[in-house]
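Structural characterization, general
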Amino acid sequence: MQWETVIGLEIHAQLATQSKIFSGSATTFGAEPNTQASLVDLGMPGTLPVLNAEAVRMACKFGLAIDAVIAEKNVFARKNYFYPDLPKGYQTSQMDHPIVGKGHLDITLEDGTTRRIGITRAHLEEDAGKSLHEDFHGMSGIDLNRAGTPLLEIVSEPDIRSAKEAVAYVKAIHALVRYLGICDGNMAEGSLRCDCNVSVRPKGQAEFGTRAEIKNVNSFRFIEKAINHEVQRQIELIEDGGKVVQETRLYDPNKDETRSMRSKEEANDYRYFPCPDLLPVVIEQRFLDEVRASLPELPVHKRERFEREFGLSAYDATVLAASRELADYFEAVQSACGDAKLSANWVMGELSSLLNKDNLDIQQSPVSAEQLGGMIQRIKDNTISGKIAKMVFEALAAGEGATADEIIEKKGLKQVTDTNAIEAMLDEVLAANAEQVEQYRASDEAKRGKMFGFFVGQAMKASKGKANPGQVNQLLKKKLEG
Amino acid sequence: MHQLTLAEIARNLSQKRFSAEELTRTLLARIEQLDPQLNSFISVTEELALEQARAADARRAAGEDGALLGAPIGHKDLFCTQGVRTSCGSRILDAFKAPYDATVVERLAAAGTVTLGKLNMDEFAMGSANESSYYGPVKNPWDPTRVPGGSSGGSAAAIAARLIPAATGTDTGGSIRQPAALTNLTGLKPTYGRVSRWGMVAYASSLDQGGPMARTAEDCALLLAAMAGFDPKDSTSVEQPLDDYLAALSQPLAGLRIGLPKEYFGAGLDPKIADAVMRAVDELKKLGATVKDISLPNMQHAIPSYYVIAPAEASSNLSRFDGVRFGYRCENPADLTDLYKRSRAEGFGDEVKRRIMVGTYALSAGYYDAYYLKAQKIRRLIKNDFVAAFEEVDVILGPTTPNLAWKLGEKNADPVSAYLEDIYTITANLAGIPGISMPAGFIDGLPVGVQLLAPYFQEARLLNVAHQYQQVTDWHTRAPQGF
């Protein structure tokens, strides 16, 4: 049977506010346990929440960026359950009246096609603390530094059809929240976390299958693996005559499997009701207009502009627009050298592998956009070949010179374009390989093609790569044929 | 000295007839001598009181002359007081010392009040008799075999017995006005949002409101002026300027339109109380007020609505008492579930557990619409009733309670009969309007209270009417025998 996968994602993005959503405590990651927990965060009797206006502004930014309706009136509700790192015994969240309503986000897949993923809603809520199970000798420690950190929970429609699409969607959300400056997107520190609702159904069937929710998958790679594993598990289960049960599952990256956490029957009845300590939030049009005016160019617009203005492919434009910093870098390279295609190739090629190898962000790149742009200019004006450029690039990365020109000069890498000099060099190469020259001239057209490459290689070697490859080709052909 | 009102104390202190320290020592001695009969204090804060009294005397010596400078008071034991036990009348907070002061405590302290102690109350303010306290029941000074009302029963008994001239209370369904009525005091529940709830341990957040209790309307005005006002730490507190409560007291009542809701005088009301209320109406008429019969048609739904909303909020508010971070924790928990279950089972009393269960049920999936949402709709109707009524009258008058103070233990077997005692007070909490109870006579030696209700933020009007009434009557000056 042909199976279709149906995926909906819930993404929790920690908002990058200075202070918590309902208290004045700082939100910095990694502080000593319980040093960023105020009376409110500790759930002390008699304390009350006061909403952080910046969290509301950030949620509105997100809503506007996904073309969503921003509710004029939104309401905080209490989600009641007991857990040691939930100090009040309830989480203040939003239920019936979320701040951000229906919206959508377009994602671009690797083959360049675009899909529109519906976003059901996004609501504000507070994060819980953390339970620490090590170093407490059979007991657990509670760190409430994280308790009260503002979260935006972004709920997608069940529009996603594969693990790859899911990853593309999460990447698009990740790029968006970073563009907007509302979340640092650091998945390792838990700033962006993802719950995956996964089900399968026979292809063509209209109703959804029973879904399982995989909680807290915290990297792009794990999202793909966890979903693929879960899809396989469900298909095998059904094909063996079993039934998928609605439950919460946990992904174990070490074993690459998901396992059951709790079934629907064990699920909490959260007893949501409007929080009586907080008034409904009324968002005025003027405020929204102000937020809209402050929005940066969004990834989707940037991508379109890159295609339109620079003639980049959809895929290249998507990759470059994925992060604001990368896009800015690319544009700086482009403006320094005036060649978008070469800039894109270098940024996505050599530069990306260099950064990946050393695990660096684009902001930490050892080669600045101006340096790279300057180097590309020298490729364009034939001062160096593409091959030599790689050497220059490495030297720039190693800090061997401030500019490409300085390195080219210092290392004598300037391309040889003088026809006489190249001819003299070729004569030497042909003389040294007289036997091969004989064979070449005796061969038919098909064989000659292969042998020609040998002579080009010898010539480039002899010139230490500096001879202009176009001229070498042209002159060599003339000499061999002639 | 102990017979003096706050206003009289202020005059005496100002004229240096005695010092705040002398007054404090006198009252501390009275508490030590007399409170064992009443059980109105959970904690007596002797050291704090003497320290505050000396500070007040020093401020006075330096030329200050505030109306509350050196005024001795007590706080209901659900206002957080830094470094002092704040028990809420519950075992679960028996060992809890608040790490901060409630806004009300802070503001009154800044005005120079002297805190003699923390007052007994129904556990987490749940009750109308002050019998649900972990620290034992409070007795009514007018008849120690009877209840003082609740939940601010400790505040009421201590003031009625002249152990302190005034105290703070909180009112979620009548918890200031009902004990005031049952002990011959004046007690004001302000408009919801008028007094900050920061540091006031929550029972039902959308209904709770702190307010003053004293013998006279004038003293209530003095306290309210210091307690009330916007607080950025409480999102439900209202940013509206305070009226001059003291100046408003002397307004004449000529032309005052009083509404008498027929629902307040129907079945269930002790006829002798009805007579006393009508005599109070006659007094007010003599002062120039006119009377009109009105109707609050949705009042009959108030109790069921309240007993859904209040327990629902309470079930959530009290979740934080789980034995993990503060308060009572059971011995040797086997695991986390055991820790939760036993800490809460051993820490909470029966009435609290009853309301947590009712509230949990009302909010459960499948019942929410039928109970909680419906109760909220009724609440809106009740509010609308008042809004409509206040288009025709300035204040609404009626009995505070349907019955006089009852015998200790009398209603323990039947919680619903105790819930019905709040029938006249609960609507003001549901609507959020202010209400006051004032002494209006005695039946068989037990006090009767009259309740006045006013539109939002018209506390000044309520204090004014009560004060004018107290100028022509002397019920409020009478003291129980032996105190």
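Residues numbered from 1 in each chain as written. Chains lettered and ligands numbered in written order. Predicted model: local features only at pLDDT ≥ 70, side-chain atom pairs only at ≥ 80, totals over all residues. Heavy atoms only, no water.

Together, B:Tyr361, B:Tyr367 and B:Tyr371 line one region of the surface with nonpolar side chains, adding up to about 290 Å² of accessible area. Within the fold, B:Tyr361 resides in helix H12 (residues 350–363). (Patch = residues over 30% accessible without salt bridge, like charges linked within 9 Å, V, L, I, M, F, W, Y side chains within 5 Å. Areas by Shrake-Rupley, 256 points an atom, 1.4 Å probe, with all protein chains shown as cover. Salt bridge = Lys/Arg side-chain N within 4 Å of Asp/Glu carboxyl O. Helix = DSSP H or I, 4+ residues; strand = E, 2+ residues; numbered from the N terminus.)

Counting 148 residues, the largest nonpolar core has B:Phe124, B:Phe321, B:Phe386, B:Ile396, B:Leu397 and B:Leu463 as the members making the most contacts within it. If sequence neighbours within four positions are ignored, B:Phe386 has contacts with B:Leu296, B:Ile396, B:Thr427, B:Ala431, B:Ile433 and B:Leu453. Listed in part, the 67 residues of the second largest apolar core include A:Ala55, A:Ala163, A:Val198 and A:Ala226. (Core = buried A, V, L, I, M, F, W, Y, C linked by side-chain atoms within 4.5 Å. Buried < 20%, exposed > 50% of the residue type's maximum accessible area, 1.4 Å probe, protein only. Contact = heavy atoms within 4.5 Å.)

Turning our attention to the pairing of strand S9 (residues 395–399) of chain B. The side chains of a regular strand alternate between the sheet's two faces. Residues and elements named next belong to chain B. A large share of S9 lies buried, amounting to five of its five residues. As paired elements, strand S7 (residues 257–261) and S9 share two bridges and run parallel to each other. In the sheet register, Gly259 faces S9, and the bridge partner there is Ile396. As judged from the four bridges shared by S9 and strand S11 (residues 446–453), these two strands associate in the antiparallel manner. Bridge pairing links Ile396 to Leu453 in S11. (Pairing = 2+ DSSP bridges.)

It is worth spelling out the environment of B:Thr473 at this point. By secondary structure assignment, the location of B:Thr473 is in the segment after helix H16 (459–472). A polar contact of 2.7 Å, which involves the side chain of B:Thr473, links it to the backbone oxygen of B:Tyr469. (Polar contact = N/O pair within 3.5 Å; in protein donor to acceptor, adjacent residues only side chain to side chain.)

Its location among the elements puts B:Asp143 in the loop between strand S3 (114–119) and helix H5 (153–160). For B:Asp143, the residues in contact, after removing those within four places along its chain, are B:Lys407 and B:Leu446.

On the chain B side, the residues contacting the 31 residues of chain A number 38 residues. On the chain A side of the contact with chain B, A:Pro45, A:Phe82 and A:Arg271 bury the most area, a combined 23% of that side's loss. Connecting chain A to chain B are one salt bridge. Ionic pairing is found between A:Asp277 and B:Arg197, a salt bridge with its closest N-O pair at 3.0 Å. Mapped onto the side of chain A that touches chain B, the elements with two or more residues apiece are strand S3 (77–80) and strand S14 (273–274) of chain A. For the side of chain A that touches chain B, the class distribution of residues is 21 nonpolar, five polar and five charged. (Buried area = accessible area lost by both parts, 1.4 Å probe. Nonpolar A, V, L, I, M, F, W, Y, C, P; charged D, E, K, R; others polar.)

Residue and element names in this part refer to chain A. Direction vectors running N to C along helix H5 (residues 299–310) and helix H7 (residues 324–337) enclose 20°, while the axes themselves pass 12 Å from each other. Classified by the angle their axes make, H5 and H7 are roughly parallel. In the packing of H5 onto H7, the handedness of the crossing is left-handed. Contacts between H5 and H7 involve Lys302, Arg305, Phe306 and Phe310 from the former and Ala327, Asp328, Phe330, Glu331 and Gln334 from the latter. Considering only residue class, the contact of H5 with H7 consists of four nonpolar, one polar and four charged. (Axes fitted to C-alpha atoms, helices over the stretch in contact; angles between N-to-C directions. Parallel < 35°, antiparallel > 145°, perpendicular 65-115°, else oblique. Left-handed = near helix turned anticlockwise from the far one by under 90°.)

All names here are of chain A. Packing of helix H8 (residues 340–358) against helix H9 (residues 369–380) leaves a shortest axis separation of 10 Å and a crossing angle of 125°. With respect to H9, the element H8 is oriented oblique. Judged by the twist between their axes, the crossing of H8 over H9 is right-handed. Between H8 and H9, the residues in contact are Leu342, Ser343, Trp346 and Val347 and Leu372, Met375, Ile376, Ile379 and Lys380, respectively. Considering only residue class, the contact of H8 with H9 consists of seven nonpolar, one polar and one charged.

Here the focus is the sheet that holds S7(B). All names here are of chain B. Here eleven strands make up an open sheet; going across it, the order is S1-S3-S2-S4-S6-S5-S10-S11-S9-S7-S8 and the pairing mixed. Every other strand in the sheet has two partners, leaving strand S1 (41–44) and strand S8 (290–294) as the edge strands with one partner each. Taken over all neighbouring pairs, the strand axes of this sheet differ in orientation by 30° on average, direction set aside. Relative to S8, S7 is paired through five bridges, and the arrangement is parallel.

Moving on: the packing of aromatic side chains. On inspection of all chains with the given rule, the structure shows 29 aromatic pairs over all chains. With a centroid separation of 5.3 Å and an interplanar angle of 45°, the aromatic rings of A:Phe82 and B:Tyr340 are classed as tilted. In this pair, A:Phe82 sits in the loop between S3 and strand S4 (90–93) while B:Tyr340 sits in helix H11 (residues 336–347), so the two residues belong to two different chains. Judged by its relative accessible area of 31%, A:Phe82 falls in the partly exposed class. Here the aromatic rings of B:Tyr361 and B:Tyr371 are separated by 5.8 Å at their centres, their planes lie at 55°, and the arrangement is tilted. (Phe/Tyr/Trp six-rings, centres within 6.5 Å; stacked < 30°, edge-to-face > 60°.)

Right, let's get into unusual backbone geometry. Residue B:Ser151 is reached from B:Gly150 by a cis peptide bond, and omega for that bond is 5°. Assignment of secondary structure puts B:Ser151 in the loop between S3 and H5. Here the phi dihedral of A:Lys464 falls at roughly 55°; this positive angle occurs in a residue that is not glycine. Its relative accessible area of 66% is what places A:Lys464 among the exposed residues. One non-glycine residue with positive phi stands out, namely B:Phe457, at about 65°. Looking at the secondary structure, you find B:Phe457 in the loop between S11 and H16. Taking the relative accessible area as the measure of exposure, B:Phe457 reaches 15% and is therefore buried.

In short, geometric facts, not functional conclusions.
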